[in-house]
Protein chains: 6
Amino acid sequence: MRADGRADDELRPITITRNWLDHAAGSVLIEFGGTKVLCAASASEGVPRWRKGSGLGWVTAEYAMLPAATNTRSDRESVKGRIGGRTHEISRLIGRSLRAVIDYKALGENTIVIDCDVLQADGGTRTASVTGAYVALADAVAHLRSTGALTGEPLTGSVAAVSVGIIDGVPRLDLPYEEDVRAETDMNVVMTGAGSFVEVQGTAEGAAFDRTELDALLDLAAKGCVDLTRLQQEALAR
Amino acid sequence: MRADGRADDELRPITITRNWLDHAAGSVLIEFGGTKVLCAASASEGVPRWRKGSGLGWVTAEYAMLPAATNTRSDRESVKGRIGGRTHEISRLIGRSLRAVIDYKALGENTIVIDCDVLQADGGTRTASVTGAYVALADAVAHLRSTGALTGEPLTGSVAAVSVGIIDGVPRLDLPYEEDVRAETDMNVVMTGAGSFVEVQGTAEGAAFDRTELDALLDLAAKGCVDLTRLQQEALAR
Amino acid sequence: MRADGRADDELRPITITRNWLDHAAGSVLIEFGGTKVLCAASASEGVPRWRKGSGLGWVTAEYAMLPAATNTRSDRESVKGRIGGRTHEISRLIGRSLRAVIDYKALGENTIVIDCDVLQADGGTRTASVTGAYVALADAVAHLRSTGALTGEPLTGSVAAVSVGIIDGVPRLDLPYEEDVRAETDMNVVMTGAGSFVEVQGTAEGAAFDRTELDALLDLAAKGCVDLTRLQQEALAR
Amino acid sequence: MRADGRADDELRPITITRNWLDHAAGSVLIEFGGTKVLCAASASEGVPRWRKGSGLGWVTAEYAMLPAATNTRSDRESVKGRIGGRTHEISRLIGRSLRAVIDYKALGENTIVIDCDVLQADGGTRTASVTGAYVALADAVAHLRSTGALTGEPLTGSVAAVSVGIIDGVPRLDLPYEEDVRAETDMNVVMTGAGSFVEVQGTAEGAAFDRTELDALLDLAAKGCVDLTRLQQEALAR
Amino acid sequence: MRADGRADDELRPITITRNWLDHAAGSVLIEFGGTKVLCAASASEGVPRWRKGSGLGWVTAEYAMLPAATNTRSDRESVKGRIGGRTHEISRLIGRSLRAVIDYKALGENTIVIDCDVLQADGGTRTASVTGAYVALADAVAHLRSTGALTGEPLTGSVAAVSVGIIDGVPRLDLPYEEDVRAETDMNVVMTGAGSFVEVQGTAEGAAFDRTELDALLDLAAKGCVDLTRLQQEALAR
Amino acid sequence: MRADGRADDELRPITITRNWLDHAAGSVLIEFGGTKVLCAASASEGVPRWRKGSGLGWVTAEYAMLPAATNTRSDRESVKGRIGGRTHEISRLIGRSLRAVIDYKALGENTIVIDCDVLQADGGTRTASVTGAYVALADAVAHLRSTGALTGEPLTGSVAAVSVGIIDGVPRLDLPYEEDVRAETDMNVVMTGAGSFVEVQGTAEGAAFDRTELDALLDLAAKGCVDLTRLQQEALAR
């Protein structure tokens, strides 16, 4: 039995609030249980210099955590003057995940930057970020279409992400912080709405894991991504 | 007539939501119209090295703006690797304002850091930050008392802040962005709940201002701070 | 009685030495008692990128303190790799003060940078900087006119600045370090030669201050700025 | 048929040269075809501050690439003043991989840092780094034992890593640069000598991948890690 | 008698291995006894912005040391976020030395960057770098000629460098680390193949030195540079 | 004939003004013609961590140039966030030069930092810095003795420095900027008052130089250092 009463293959309560900000082309406050991430998509004409004149667009992401998001306050990376490895790693993961469902040609020479700022962290901040970022991206694309900045469909599908892990020998879906720190193996999986894999990142925390455990985790993640895809669609339909 | 229909001496709708976060000792989402600032107070035992063994506590603040908080996305200071002058200036202002109502001795060797992160900016982010930070600070002090970390009363009063400015020759209270950029003179005033001044920062944007204008602005600010003090007290009483 | 024998409304001995450097378009060594600031105005054709093609000029300032300027040596900001909040704050204050008396159109697409480097600090470094920077700026403008780089008059007036404070309940003008650290309230005021306010920055150091005290300080500052304006004019007439 | 004539499940020629440096506790020049990585393990008494007094050791890794390692010279991260996301990500991966086979208690309060510097890059630099780093680590552990700094066995197994990918629909082992840039899916797998997984990092480069493809890649990686483990053992036996 | 059995005016065993890398236009692994430096010359079309349109080429160098190159591991400059003074100093020395034998006009608007990365340090890393960098530069020039990027001869001569010092009152050539730390005076000399001086950098470590000692050191250095020039020519002839 | 009418072996007018600052233990404004450097020596009890408990003192130096010191304004290194190679190089040269005449044991565990800030640059800023820094150091030592912080004599001699160069084939002493940029060879020489060499740094700017030229430059520098030593002694005797 999990501390919060969930079944092993059950997501935490998921909330997706669109248009949380007034200015951004797309903005979503996404909550995976106690984890709250503000995902804001800013659209601008033009692309980075290395891409100019290609006719192709660009999508990128930046992830960060507010100092008081975690139990113990962490120092600001702006004050330290450098971005940590974990921040870099997650920013890159979110960017790659979104780009997996973007047709750069249909986007044209437009750039969309998605900022994922963790307001409160309780495990799964990177998977909540990917899942919310997709919704913000879809809203930004719709916004660009409404302003006439693009006419085609740059989105070739949707993406969602979830964490899975083995705790006390049992595979579980969508780990809160309390389970995350106890997990023997921890995996983050990003999948398209069509059920294919975009990213699979599994890490042995305590002991190495065998193929059977890996398979069980992948099954569980696939189940969670189906649920999240449905929640994304419902939110976008509202 | 102001664009949002307010009287010249009227505040925007102010919302103060306490306990917006689960972890921080005190946390407040404060809204001055479209301006939304998340103020989180983190309390920890001990003080910075230069203060150790003095028996005195410490209170400090950090201000920052999310990239998508403004109309046009701004680059992250963590990515740029340095904090800008404006951020430094406002962080220092908030810290000084809060320290004006702290009795270090009663606080004992505890440190409270207040993070003010602007989620959305529509003018007055520094005054909303000071006003919300005080409420978060009061909650953090109450939290420290509840855990037995302190017994006395480190708060010697309350502080609130408001912006005032002269637009088209007319003094106005609590400027939104649209008025702020048009203001000939712009002043931020921090006052105690008892009606004394903590900070007065007036800047001629277009033309220098005379003593009569300065006096009118100070009167208006005093009126606004009285209103804000009442709203703080109501929020803390809830 | 003040430690240096001055009346409460009396400036310290002020020295303004023009053309202290050979290369700069304008250069002034200004002394407010023991405070010595070297103000150098460098003029160059062209403006920052964001202003190109506007037909408007630009004026900005940078403030810094030599490591041995104060009683205890302070670390270099270049060695630390970052500029501190206080430095940022004062650089911005000086820039805003000078821009208050500049007609950008008459300046044309020229840029003037004023560097204020504190060689020795004994209180009032920012007000000495503003006061000296104006004289260096006037010399740089004259230099630009002499080279034919401009023909009109970009200066719409003069600016001077002074500190005031309340020490042991008594308002005093132009505080040396020894009074500055003891002040209950500390205010820096920048005024035009015509007697209007450009910046008013008052800070309660110990206790908050009331309107009567604020008024007394503003009166004292106005008196000091009149004296400084006269000294600037005398220096420029030499 | 692959450009270098290899079978799809065949490693490139692998060379492991131990004791390449005179000073380091362990040092290995490892070559995966044209990829050359110098892995140097430095051992020192004591542990980072946050671990002091725990009785536990620490193992960490740093990865970097020389500017001329790639086809087009890249700028030095030391000159840019910041470490890029890719460097951070790979350093963390190597560190985690090595820590998976370390018994901190048996290591005692000793620290081993493994530097993996890519002298020449032709694909698979991170997997060559992990594979070579393990050998350097084993030598460093032997060195510590020979000096009496430890008596037990801190190594609980071995680790090796290999890249796999799908090129033109065909799963292939150990991708050189030329295949890596063409891969639709790219996966890096770290396994213990006992055949369990330590890290699985799969990324869809072009199109998302399905479970069948994922399974084929995992099979191929497992085969490659068995071969690499044998080569590590042979090198350590010399 | 020297610890390694050499005569006082004898170089350590010198090895110059050309084409150590596959990608760089010129690459040399040079060894002065235990000191190993990888010198890689990267050639690219175009010149830095300040030189564009001049018809002149550019040659520059960067020096760095791997963390494990020395007896005790040193921190990476990329991790520290800044380049140290010693690194700056040596990079500048190598660049100046190479530019002394370059005809910028004959090079045309091409840039050659020589990276000197110390893989193992045992004294004389800067002199080994200069000596090896010249060979890599010559190979890069030959490469540019073979691709038709230039037709004339940009090399006006060759350069080599050696260290000399006074140990226990005796002048000695080419100091290993063990002698370097004991030297009373330490001098690095860069000379052309034609026997003229490019750089003379002498430093009193313990006691100041007189003109007689200086003359003896210069004689010794001249002898060493003649030997190194011959070794460079032999390597380039292979 | 030189542009300023000097003989080839003649120094520019040298001015050494002691006690230019009120706070520093020693402070000197030194002028070599148009070059003005403010040298301030700050003394403090204690030594850097790596030297604690050794009973030995420490002397170090920092060199910097004000932005407007040169003909064209240069950017501040604090604003750029990093120190340039030239600054590093000169700071290190000054420090080494001063340490050549310090008896660390007699200094005891005291630290003296000498800041050399170039207020105006007209060639020879590093040699003026060394020459002025010695005088500031001597004053700081006297100050430490007067406060009882030391009793012995930590100064084992004096140091002075001068630039020499070959212009149009003629060796000249103490080059102003205008000669410096035209010099074929440029040498900076630091000597003790007793006539021994501390640093010899010669650089071929245009063409390599032969032994005869080197000898002529060394003779000229020795002559200049004798003159400067006399001027230092006269200044210290005042």
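These figures come from a predicted structure and were not determined experimentally.

**Student:** What should I look at first to understand the overall build of chain A in this one?
**Tutor:** Looking only at helices and strands, chain A features six helices and nine strands. The burial tally for chain A puts 58% of its 238 residues in the buried class. Total accessible area on chain A stands at roughly 8800 Å², and carbon and sulfur atoms take up 49% of it. A distance of 6 Å separates the average location of the 25 positive side-chain charges in chain A from that of its 33 negative side-chain charges.

**Student:** It is not clear to me how the UniProt feature "binding site: phosphate" (unreviewed entry) in chain A should be interpreted in this structure. Could you clarify?
**Tutor:** Residues and elements named next belong to chain A. Taking the UniProt record as the reference, the feature "binding site: phosphate" (unreviewed entry) is found at Arg86, Gly124, Thr125 and Arg126. Taken together, the annotated residues stretch across 41 residues yet fold into one region, lying no more than 13.4 Å apart by C-alpha. Judged by relative accessible area, which is 16%, glycine 124 ranks as buried. Mapped onto the elements of the fold, arginine 126 is located in helix H4 (residues 125-146). If sequence neighbours within four positions are ignored, arginine 126 has contacts with Arg86, Glu89, Ile90, Leu93, Asn188 and Gln201.

**Student:** Teacher, can you tell me more about the sheet that holds strand S4 (residues 58-65) of chain E here?
**Tutor:** Hydrogen bonds along the backbone pair up the strands of a sheet, which may run parallel or antiparallel. All names here are of chain E. Read across the sheet, five strands follow the order S1-S2-S3-S5-S4 without closing on themselves; strand pairing throughout is mixed. The sheet is open, and its two edges are formed by strand S1 (14-18) and S4, each paired on a single side. Within the sheet, the average angular offset between the axes of one strand and its neighbour, ignoring direction, is 15°. In the sheet, strand S2 (residues 26-32) pairs with strand S3 (residues 35-45) via seven bridges, with the strands oriented antiparallel. Bridge assignment links serine 27 to a residue of S3, and that residue is alanine 40. Relative to S4, helix H2 (residues 85-99) is tilted by about 145°, and along the sheet it contacts S4 and strand S5 (110-120).

**Student:** Is there a simple way to think about the UniProt feature "domain: Exoribonuclease phosphorolytic" (unreviewed entry) in chain A in this case?
**Tutor:** Residue and element names in this part refer to chain A. The residues that UniProt annotates with the feature "domain: Exoribonuclease phosphorolytic" (unreviewed entry) are residues 10-140 and 158-224. With 30% helix and 32% strand, residues 10-140 has end C-alpha atoms that lie 30 Å from one another. For residues 158-224, the helix share is 27%, the strand share is 43%, and the end-to-end C-alpha distance is 14 Å.

**Student:** Where do I start with the environment of glycine 46 of chain D in this structure?
**Tutor:** Residues and elements named next belong to chain D. Structurally, the position occupied by glycine 46 is in the loop between strand S3 (35-45) and strand S4 (58-65). According to the relative accessible area criterion, glycine 46 is partly exposed, its value standing at 26%. Ignoring anything within four residues of it in the chain, the contact list for glycine 46 reads Glu109, Asn110 and Thr111.

**Student:** I keep staring at the side chain of aspartate 139 of chain A and nothing clicks. Help me out?
**Tutor:** Residues and elements named next belong to chain A. Structurally, aspartate 139 is set in helix H4. For aspartate 139, a relative accessible area of 9% gives the class buried. Beyond its immediate sequence surroundings of up to four residues, aspartate 139 is in contact with Arg18, Asn19, Ala25, Gly26 and Leu236.

**Student:** Got a minute to help me understand the interface of chain B and chain A in this structure?
**Tutor:** One frequent convention defines the size of an interface as the accessible area lost when the parts assemble. Counting residues at the interface gives 30 residues for chain B, matched by 30 residues for chain A. For the pair chain B and chain A, the two sides together bury roughly 2700 Å², of which 55% comes from carbon and sulfur. It is His23, Arg73 and Arg76 of chain B in chain B that bury the most area against chain A; as a group they hold 22% of the surface buried on that side. When the shortest N-O distance is used, the salt bridge between glutamate 62 of chain B and arginine 73 of chain A registers 3.1 Å. One can count 16 residue pairs in polar contact (both at pLDDT 80 or more) joining chain B with chain A. Those elements that place two or more of their residues in the side of chain B that touches chain A are strand S3 (35-45), strand S4 (58-65), helix H1 (77-80) and strand S5 (110-120) of chain B. Among the elements that line the side of chain B that touches chain A, the one with the most residues is S5 of chain B, at six residues. Partitioning the side of chain B that touches chain A into residue classes produces 15 nonpolar, seven polar and eight charged.

**Student:** Would you mind going over the relation of the copies chain B and chain A with me for this structure?
**Tutor:** One copy of the chain maps onto the second through a rotation about an axis and a displacement along it. Once turned by 180° and shifted 0.0 Å along the axis, chain B lies on chain A with an RMSD of 0.0 Å. The operation mapping one copy onto its partner corresponds to a two-fold rotation axis. Within chain B, the C-alpha atom positioned nearest to the axis of rotation is that of serine 78 of chain B, 1.8 Å from it. In this assembly, 100% of the residues forming the interface of chain B have copies in chain A that are likewise at the interface, indicating an isologous arrangement.

**Student:** In this structure, what is going on with the pattern of salt bridges? I would like to understand it.
**Tutor:** Note that side chains of opposite charge can pair when their charged atoms are close. Going through the model one piece at a time under the given rule, you end up with 139 salt bridges over all chains. In this structure, arginine 73 of chain F engages aspartate 115 of chain C in a salt bridge whose closest nitrogen and oxygen atoms are separated by 2.6 Å. In this pair, arginine 73 of chain F is assigned in the loop between strand S4 (58-65) and helix H1 (77-80) and aspartate 115 of chain C in strand S5 (residues 110-120), connecting two distinct chains. Take aspartate 115 of chain C: its relative accessible area is 1%, and that puts it in the buried class. Between arginine 76 of chain E and aspartate 115 of chain D there is a salt bridge; the shortest N-O distance is 2.8 Å. Of this pair, arginine 76 of chain E sits in the loop between S4 and helix H1 (77-80) while aspartate 115 of chain D sits in strand S5 (residues 110-120), on two different chains. Here the residues in one salt-bridge network are Glu62, Asp115 and Asp117 of chain A together with Arg73, Asp75 and Arg76 of chain B, joined through shared partners.

**Student:** What is the right way to look at the pairing of strand S2 (residues 26-32) of chain F in this model?
**Tutor:** Looking down a regular strand, the side chains alternate between one sheet face and the other. Residue and element names in this part refer to chain F. Along S2, seven of the seven residues are buried, which leaves the element largely enclosed by surrounding structure. Covered by surrounding structure in S2 are Gly26, Val28, Ile30 and Phe32 together with Ser27, Leu29 and Glu31, the residues of both alternating faces. Sheet topology note: the strand S1 (residues 14-18)/S2 ladder contains five bridges and is antiparallel. Across the sheet, residue arginine 18 finds its bridge partner in S2, namely valine 28. Counting the residues in the hairpin turn of S2 and strand S3 (residues 35-45) gives two residues, including glycine 33, whose phi is positive at 60°.

Definitions and cut-offs
- Residues numbered from 1 in each chain as written.
- Chains lettered and ligands numbered in written order.
- Predicted model: local features only at pLDDT ≥ 70, side-chain atom pairs only at ≥ 80, totals over all residues.
- Heavy atoms only, no water.
- Helix = DSSP H or I, 4+ residues; strand = E, 2+ residues; numbered from the N terminus.
- Buried < 20%, exposed > 50% of the residue type's maximum accessible area, 1.4 Å probe, protein only.
- Areas by Shrake-Rupley, 256 points an atom, 1.4 Å probe, with all protein chains shown as cover.
- Lys, Arg positive; Asp, Glu negative; His and termini not counted.
- Charge placed at Lys NZ, Arg CZ, Asp CG, Glu CD.
- UniProt positions renumbered as here; feature names shortened; annotations may be inferred.
- Contact = heavy atoms within 4.5 Å.
- Pairing = 2+ DSSP bridges.
- Axes fitted to C-alpha atoms, helices over the stretch in contact; angles between N-to-C directions.
- Buried area = accessible area lost by both parts, 1.4 Å probe.
- Salt bridge = Lys/Arg side-chain N within 4 Å of Asp/Glu carboxyl O.
- Polar contact = N/O pair within 3.5 Å; in protein donor to acceptor, adjacent residues only side chain to side chain.
- Nonpolar A, V, L, I, M, F, W, Y, C, P; charged D, E, K, R; others polar.
- Least-squares fit on C-alpha atoms with pLDDT ≥ 70 in both.

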